[in-house]
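Residue-level structure breakdown
So the chains spell out like this:
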Amino acid sequence: MPTPSSTACPCGRGPAFDACCGRYTRTAVPAPDAESLMRSRYSAFVRGDAAHLLATWHASTRPATLDLEPGVQWLGLEVRSRRVIDADHAEVEFVARSRLGGRATRLHERSHFVREGGCWYYVDGDLFTKDPA
Ligand SMILES: [Zn+2]
């Protein structure tokens, strides 16, 4: 079921999707910083927006196609830290919680972003596998 665009943004920051991540997922407006891009990508996962995920994936690491797992229930996003390395490189550490078939999953990742031609792109990420719950 599609999420109405007037509801709270899935990323947890904005009052409404349209005023938050919707600005970047549904228009040609580039996200102004790595954290905003990371949040818009989380919202795209929640909304099943594979097109936005592929469009914001750096060409060097982007998969040819993206099959979003059906039935995943996203529970929330928590941005732990963000680090600006230089004008065109940044890192964002986050925890995203989801549930699939009754099993809770916790994704803890430090994502790497690069800016090219004024647009931020997701490059890859380091998973934190050993992490106290
Ligand atoms: Zn948002």
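Notes on the structure in this doc start here. Computed from a prediction, not measured in an experiment: that's the story for all the values here.

1. A look at the side chain of E109
For E109, the location among the structural elements is in strand β3 (residues 103-116). Despite being buried, E109 has no salt bridge partner; R41 is the closest side chain of opposite charge, sitting 7.3 Å away. A distance of 2.7 Å separates polar atoms of two side chains, one belonging to E109 and the other to S111. If near-sequence neighbours (up to four positions away) are discounted, E109 is found in contact with V92, E93, F94, Y122, D124, G125, D126, L127 and F128.

2. As for the coordination of the zinc ion
Put simply, a metal with four donors set out as a tetrahedron has ideal angles of 109.5 degrees, and one with six donors set out as an octahedron has ideal angles of 90 or 180 degrees. Around the zinc ion, the donor atoms from the protein are C9 (SG), C11 (SG), C20 (SG) and C21 (SG), and they sit 2.2 to 2.3 Å away. Considering all four donor atoms around the zinc ion, the spread of angles at the metal, 105 to 117°, places the coordination shape in the tetrahedral class. Of note, the donors binding the zinc ion are all from one chain and are spaced C-x1-C-x8-C-C. One end of the pair, C11, is in the segment before α1 (22-25); the other, C21, is in the segment before α1, and ten residues separate them in sequence. Taken individually, C11 and C21 each receive the classification buried, so the pair is uniform in this respect.

3. Structural notes on the packing of aromatic side chains
One pair of aromatic rings is described through two measures. These are the centre distance and the angle between the planes. For the coordinates displayed, the defined rule picks out four aromatic pairs. Centre to centre, the rings of F113 and Y122 are 5.8 Å apart; their planes meet at 65°, and the pair counts as edge-to-face. For the pair F113 and Y122, one class covers both residues: buried. What links up through ring pairs into an aromatic cluster is the set Y42, F45 and W74. In this arrangement the basic side chain of R41 is found over the ring face of W57, its NZ or CZ atom lying 4.8 Å from the centre.

Reading the values: rules and limits
Residues numbered from 1 in each chain as written. Predicted model: local features only at pLDDT ≥ 70, side-chain atom pairs only at ≥ 80, totals over all residues. Heavy atoms only, no water. Helix = DSSP H or I, 4+ residues; strand = E, 2+ residues; numbered from the N terminus. Buried < 20%, exposed > 50% of the residue type's maximum accessible area, 1.4 Å probe, protein only. Lys, Arg positive; Asp, Glu negative; His and termini not counted. Salt bridge = Lys/Arg side-chain N within 4 Å of Asp/Glu carboxyl O. Polar contact = N/O pair within 3.5 Å; in protein donor to acceptor, adjacent residues only side chain to side chain. Contact = heavy atoms within 4.5 Å. Donors = N, O, S within 2.8 Å, 3.2 Å for Na, K, Ca; no water. Tetrahedral: all angles 85-135°; square planar, octahedral: opposite > 155°, others 65-115°. Phe/Tyr/Trp six-rings, centres within 6.5 Å; stacked < 30°, edge-to-face > 60°. Lys NZ or Arg CZ within 6 Å of the ring centre and 35° of its normal.

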